[in-house]
Amino acid sequence: MITGAAGFLGSHLCDRFIREGYQVIGMDNLITGDLKNIEHLMSHENFEFHHHDVTKFVHVAGKLDYILHFASPASPIDYLKIPIQTLKVGSVGTLHCLGLAKEKNARILIASTSEVYGDPLVHPQNEEYYGNVNAIGPRGVYDEAKRFQESITMAYHRFHGLETRIVRIFNTYGPRMRLNDGRVIPAFIGQALRGEDLTVFGDGSQTRSFCYVDDQVEGIYRLLLSDYSEPVNIGNPDEISILDFAKEIIKLTGTNQKIVFKELPQDDPLQRQPDISRAREILGWEPQVSREEGMKITYEYFKSMSASELEKREHKDFSKHIRR
Ligand code: UDP
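Residues numbered from 1 in each chain as written. Predicted model: local features only at pLDDT ≥ 70, side-chain atom pairs only at ≥ 80, totals over all residues. Heavy atoms only, no water.

Visitor: Can you help me understand the sheet that holds strand β1 (residues 2-3) in this one?
Guide: Sheet strands pair by backbone hydrogen bonding; their relative direction is either parallel or antiparallel. The strand order β3-β2-β1-β4-β5-β6-β11 describes an open sheet built from seven strands, whose pairing is parallel. Where the open sheet ends on each side, the last strands, each with one partner, are β3 (47-51) and β11 (231-234). By the bridge criterion, four bridges tie strand β6 (residues 164-169) to β11 in an arrangement that is parallel. Counterpart to valine 167 in the pairing with β11 is valine 232. (Pairing = 2+ DSSP bridges. Helix = DSSP H or I, 4+ residues; strand = E, 2+ residues; numbered from the N terminus.)

Visitor: Looking at this structure, how should I read the nonpolar core?
Guide: Within soluble globular proteins, side chains that are nonpolar generally end up buried alongside one another. Leu68 and Phe70 are the most contacted members of the largest nonpolar core, which totals 54 residues. Beyond its immediate sequence surroundings of up to four residues, leucine 68 is in contact with Met1, Ile2, Thr3, Leu13, Phe17, Leu109, Ile220 and Leu224. In this structure, Ile25, Met27, Ile67 and Tyr156 belong to the second largest nonpolar core, which totals 22 residues. (Core = buried A, V, L, I, M, F, W, Y, C linked by side-chain atoms within 4.5 Å. Buried < 20%, exposed > 50% of the residue type's maximum accessible area, 1.4 Å probe, protein only. Contact = heavy atoms within 4.5 Å.)

Visitor: Where do I start with helix α6 (residues 213-225) in this structure?
Guide: The periodicity of an α-helix, 3.6 residues per turn, causes residues three or four positions apart to be oriented the same way. For α6, which comprises 13 residues, the first-to-last C-alpha distance of 18 Å matches the rise-based estimate of 18 Å (1.5 Å per residue) to within 8%. Those residues of α6 lying buried are Val213, Asp215, Gln216, Val217, Gly219, Ile220, Tyr221, Leu223 and Leu224. (Expected span 1.5 Å × (residues − 1).)

Visitor: Looking at this model, I keep getting lost on the site of the ligand. Mind explaining?
Guide: Not every one of the 18 residues close to the ligand is listed here, only the nearest: Val184, Thr199, Arg208, Asp268 and Arg272. The contact in question runs from an oxygen atom of the ligand to an N or O atom on the side chain of glutamine 206, over 3.0 Å. Take aspartate 268: an N or O atom from its side chain is 2.6 Å from an oxygen atom of the ligand. Elements supplying a minimum of two residues to the shell around the ligand: α5 (184-194) and β8 (198-201). Its residues assigned to classes, the shell around the ligand shows eight nonpolar, four polar and six charged. (Near = heavy atom within 4 Å. Polar contact = N/O pair within 3.5 Å; in protein donor to acceptor, adjacent residues only side chain to side chain. Nonpolar A, V, L, I, M, F, W, Y, C, P; charged D, E, K, R; others polar.)

Visitor: Explanation requested: the pairing of strand β4 (residues 66-69) in the structure shown.
Guide: Regular strands place side chains that alternate from one sheet face to the opposite one. Examined bridge by bridge, β1 and β4 share two bridges and lie parallel to one another. Its bridge partner lying in β4, isoleucine 2 is registered against leucine 68. Inspection of the sheet shows β4 paired to strand β5 (residues 107-113) by four bridges, in the parallel sense. Residue pairing in the sheet places histidine 69 in a bridge with isoleucine 110 of β5.

Visitor: Teacher, can you tell me more about the packing of helix α1 (residues 8-19) against α6 here?
Guide: If you want to describe how two helices pack, look at the angle between their axes and the distance between the axes. Look at α1 against α6: their axes get within 10 Å of each other, and the N-to-C directions meet at 65°. For the crossing formed where α1 meets α6, the hand is right-handed. Side by side, α1 and α6 meet where Phe8, Leu9, His12, Leu13, Arg16 and Phe17 of the first sit next to Val213, Gln216, Val217, Glu218, Ile220, Tyr221 and Leu224 of the second. Tallied by class, the residues present in the contact of α1 with α6 amount to nine nonpolar, two polar and two charged. (Axes fitted to C-alpha atoms, helices over the stretch in contact; angles between N-to-C directions. Left-handed = near helix turned anticlockwise from the far one by under 90°.)

Visitor: Help me understand the pattern of salt bridges in this model?
Guide: Any two side chains of opposite charge can pair, so long as their charged atoms come close to each other. Under the counting rule described, the total for this entry stands at 24 salt bridges. For arginine 183, the salt bridge goes to aspartate 181, with nearest N and O atoms at 2.6 Å. Given the relative accessible area of 1%, aspartate 181 is considered buried. Taken together, the shared-partner salt bridges connect Glu115, Arg139, Arg208, Asp268 and Arg272 into one network. (Salt bridge = Lys/Arg side-chain N within 4 Å of Asp/Glu carboxyl O.)

Visitor: I'm lost on the environment of valine 213 in this one. Help?
Guide: Positionally, valine 213 belongs in helix α6. According to the relative accessible area criterion, valine 213 is buried, its value standing at 1%. Setting aside residues up to four positions removed in sequence, valine 213 forms contacts with Phe8, Leu9, His12, Thr172, Tyr173, Gly174 and Pro175.

By themselves, these figures tell us nothing about what the structure is for.
What follows is the structure, encoded as structure tokens:
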């Protein structure tokens, strides 16, 4: 079972497990996910879709071998719009998935994040680093939900002997990202396609390290099948400043637009780069796809979409999920 199956990473994971011959149950409440990401799987004999919110009790009939918990808003814009749901899916949603795993005697892998390191004071970030997180800042709803998620997962592992895996996912990109989710790669690509200026936040000196989705999925797949229950960073250590990245996008897309500078969001981490020694050692994993190659594939994917398709994918209305 994969939660968040209609999301960016969830849908790529569904594809991978189907390709490996597994029977896959995809679960999603479709707040940020999009059925378009998995429509090609809907008629597949080994795929079943459950439209369900994991923050409600989760019941699945029959046997389950593996659970991958990937349901969560995962971009700063999304978790600012739906902060309570973000907290709930990381906490209550994880509790339900762990309970289900225990009931089914299944192994569970939960999707954690480099955000557990906050605005890091250690560089690059290895798994031993405890992080520098502002619990009450705008990102706190995501960061603390994910930290709680790791904590309760380890508790189930230690107290109930559950087989658990924790992946700390660093910035990942590729086809099926939502163009308006606010993250920098879809933002820049969308702007280039619409002929708009590229918006760099702050002075663009903050850094990120971008991992292509196929590499990320491979790392997650290997971790699930490993016997390692401590957290593992999966990401691409090739670090770049956001300003230099904007220049790369201008070159890639051939846009003649300018770079414009906007205010840096609060608590935006100044630097981020995964230390992947553990993944190399335990999983024999390291990224294979360069940023140049991965960005080319990603840009071509969005470029080949019709304007109306792009428009549809851009407008995701959360208003009916927001209770005031
Ligand atoms: N960013 C930017 N322009 C945008 C969107 C994002 O300069 O239009 C910056 C953002 O401030 C951050 C970096 O790009 O420093 C990566 O942002 P993203 O939201 O993709 O991920 P995260 O901050 O969670 O790593």
